[in-house]
Amino acid sequence: MATINPIFRPLLLRIRHAASLHVPRRRLLRAAWLLVLIQPCACNAPVANDETGTVAGGSIESATLAVIVNDADPLSRRIGAYYAQQRHIPEKNLIHVSFAAGRPDMTRGEFEQVMATVNARVPPSVQAYALTWSEPYRVGCMSITTAFAAGYDEAFCARGCKATRPSPYFNTDSRRPHEDYGWRPAMLLAGRRFDDVKALLDRGVAADGTRPRGTGYLVSTSDAARNVRSRFYPGIMLMQSDRFEFELIKTNTVSYRYNVMFYFTGLTRVSGIDTNRFLPGAIADHLTSSGGQLTDSKQMSSLDWLEAGATGSYGTVVEPCAFTQKFPRPDIVIDRYLDGETLLEAYWKSVAWPGQGVFIGEPLAAPFREISSPLQGGEPDSPGAQIRD
């Protein structure tokens, strides 16, 4: 009999143990698929296991989300007020700060001043942040969403094609990331105009509990450097086809589709996205170098997905190289979203090395969560190779 690689032994033991307990077939398949996809360069990244996180208790919700408002930015103030009203954010969870707006990056010193204010005001129960602006999207050499989540740390940065600090939240069952890991994952309520952000937020709220019957488009493109996530697509077809419809397509363009719930691809620019109809709560992103440079990208900005109708997207703010660990794992985000997690939770848990990527969208959108689920909170107390051009 062939010798089992020590790397795989814990996973094999988990599969055997799960089988003995009559765990659902999908969970067994997910564990088995990890054996196929695991890479030596990702072996230090944590994976979900029976001992990780706190499954008991509620998910991230209005009462455990803090909204950060930049008082120096009129658009931020307007977004914050509207979102707090729509999601019934408790007043104590509205945190006002002030910093220069209208520029893509913030210095480390500026960020630490802002973060000192946030840390002094954030309620201990808060587990995540919603940031009410599109600029800045970067702090020094790292994304602003990871800076707010974990603090400024150059271990999240990389000069050249190198690994970065992993996320302890990656693919865990944690419902309380701050309590479990000291992290508060963040998402930008981003858009070029207020009407764009308002439409985004309205889609997120409208999505809750709808269990939409759409299609997930897993797009394999001709761009070899940016098509690296396509190796995850067979696992999605294997594990998820019994509960959602997916199409695995080899093309550079998907257009005139009326039922888009998921859209994952890899290109510098993706044409035809505005011809599609995205369902409320839809997730869409493209793997490329600078999609997260929201307002000044030389490629396609991730904001274009939101303007086309998606509710969540992701992009990198500095050159990431073609590491799949620096981008959302489609199989993980889909599985967790279909399991009823919020957009913020499912998306964040799908990125192993998030330091160079920015998350944008409506964080509390949960289209596949049962309205009566115990994960719902109570009523709030008040309203590889470089991939440059």
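Residues take numbers from 1 onward in each chain, read along the sequence in its written order. For a predicted model such as this one, the threshold for reporting local features is a pLDDT of at least 70, and the threshold for listing and counting side-chain atom pairs is 80 or more; totals across whole chains, interfaces and linings nevertheless cover every residue. Hydrogens and waters are ignored; side-chain quantities use all the structure's heavy atoms.

Undergrad: Would you mind going over the overall build of the protein in detail, with residue names and values included?
TA: By definition, any uninterrupted DSSP run of H or I lasting at least four residues is a helix, any uninterrupted run of E lasting at least two residues is a strand, and each is numbered from the N terminus. Of the regular secondary structure elements, the protein holds eleven helices and 13 strands. Buried, partly exposed and exposed residues are distinguished by accessible area as a fraction of the type maximum, computed with a 1.4 Å probe on protein chains only: under 20%, between the cut-offs, and over 50%, respectively. Looking at the protein as a whole, 57% of its 389 residues qualify as buried. A 1.4 Å probe and the Shrake-Rupley method give the accessible areas. Residues count as covered only by the protein chains that appear here. In the form shown here, the protein has an accessible surface area of approximately 15,400 Å², with 52% of it arising from carbon and sulfur atoms.

Undergrad: I'd like a rundown of the environment of V122, residues and numbers included.
TA: Relative to the assigned elements, V122 resides in the loop between α4 (108–121) and β4 (128–131). Residue V122 is classed as buried on the basis of its relative accessible area of 12%. Taking C-alpha positions, V122 is 8.0 Å from K92, a pair spaced 30 residues apart along the chain. The criterion used for residue contact is that any of the two residues' heavy atoms lie within 4.5 Å. Leave out the neighbours within four places in its chain, and V122 touches I95, Y129 and R184.

Undergrad: Can you explain the packing of aromatic side chains? Please cite residues and give values.
TA: When the centres of two rings from Phe, Tyr and Trp lie within 6.5 Å, Trp using its six-membered ring, the rings pair. Their planes under 30 degrees apart give stacked, over 60 give edge-to-face, and anything left gives tilted. Following the criterion strictly, the structure yields 23 aromatic pairs and no others. Measuring from centroid to centroid gives 5.8 Å for Y337 and F368, while their planes differ by 70°, and the two rings are edge-to-face. Taken together, the positions of Y337 in helix α10 (residues 330–338) and F368 in the segment after β13 (357–361) put the pair 31 residues apart, joining distant regions of the chain. F368 shares its class with Y337; the two are buried.

Undergrad: How would you sum up the nonpolar core? Please name residues and give values.
TA: Counting 96 residues, the largest nonpolar core has Y129, F148, L188, F262 and Y263 as the members making the most contacts within it. Discounting chain neighbours no more than four positions away, the residues touching Y263 are Y217, V219, T253, V254, V270, I273, N276, F278, I283, A284, D285 and W305. Definition of nonpolar core: a set of buried residues of the types Ala, Val, Leu, Ile, Met, Phe, Trp, Tyr and Cys, connected through side-chain atoms within 4.5 Å. F170, C321, A352 and W353 belong to the second largest nonpolar core, which has six residues in total.

Undergrad: Explain unusual backbone geometry to me, using residue names and the numbers behind them.
TA: The peptide bond linking E135 to P136 adopts the cis configuration, its omega dihedral lying at 0°. Residue position: P136 is located in the loop between β4 and β5 (138–139). Unlike most non-glycine residues, Y256 shows phi in positive territory, near 55°. Here Y256 shows up in the loop between β9 (245–250) and β10 (260–265). Its identity is not glycine, yet C321 carries a phi of approximately 60°, on the positive side. Mapped onto the elements of the fold, C321 is located in the loop between β12 (312–316) and α10. By relative accessible area, C321 is classed as buried at 0%.

Undergrad: Now, about the pairing of β12: what can you tell me, with residues and values included?
TA: Most of β12 sits out of view: five of its five residues are buried. What you see with β12 is no split at all: G312, Y314 and T316 on one side and S313 and G315 on the other are buried throughout. With five bridges joining them, β12 and β13 adopt antiparallel strand pairing. Directly across from Y314, in β13, lies its bridge partner F359. Here the rule is simple: two strands pair whenever DSSP picks up at least two bridges between them.

Undergrad: Could you give me a rundown of the sheet that holds β5, with the residues and numbers involved?
TA: Across the sheet, three strands lie side by side as β3-β5-β6; this open sheet has mixed pairing. Edge strands, defined here as strands with exactly one partner in the open sheet, are β3 (105–106) and β6 (142–143). Where β5 and β6 come together, two bridges link them in antiparallel fashion. Bridging from a neighbouring strand, V139 pairs with M142 of β6.

Undergrad: Explain α4 to me, and be specific about the residues and the numbers.
TA: Taking 1.5 Å of rise per residue, the 14 residues of α4 would be expected to cover 20 Å, and the 20 Å separating its terminal C-alpha atoms lies within 8% of that figure. Among all positions of α4, only F111, V114, M115 and V118 are buried. Relative to the axis of α4, the buried residues are bounded by an arc of 100° and lie together on one face. Exposed side chains of α4 directed beyond 90 degrees from the buried face belong to Q113 and A120. In the core, the buried residues of α4 are packed alongside β1 (65–70), β2 (94–97), β3, β4, β5 and α5 (144–150). Multiply 1.5 Å by the residue count of a helix minus one, and that product is the helix's expected span. Read the arc as the range of directions from the helix axis to the C-beta atoms.

Undergrad: Hey, could you go over the confidence of the model for the protein for me, with residue numbers and the actual values?
TA: The pLDDT score gives, residue by residue, the confidence of the prediction method on a 0 to 100 scale. Summarising the model, the protein shows a mean pLDDT of 87, and 80% of its residues fall at 70 or more. Across residues 38–57 the pLDDT falls below 50, and counting only partners more than four positions away or on other chains, this stretch makes 41 contacts in the model. Counting contacts from residues 373–389, a segment whose pLDDT is below 50, to residues more than four positions away or on other chains yields 53 contacts.

Undergrad: Account for the pairing of strand β8 (residues 215–220), naming residues and giving values.
TA: Burial analysis of β8 places six of its six residues in the buried class, the great majority of the element. Of the two faces of β8, the one lined by T215, Y217 and V219 and the one lined by G216, L218 and S220 are each fully buried. Where β8 and β9 come together, six bridges link them in parallel fashion. Counted as the bridge partner of V219 is I249 from β9. At this point the chain moves from β8, through helix α8 (residues 233–240), to the parallel β9, and the crossover so formed is right-handed. Across four bridges, β8 lies against β10 in parallel orientation. For G216, the partnering residue across the bridge sits in β10 and is F262. By the criterion used throughout, a crossover qualifies as right-handed when its path from the first strand across the helix to the second strand runs clockwise, the strands pointing away from the viewer.

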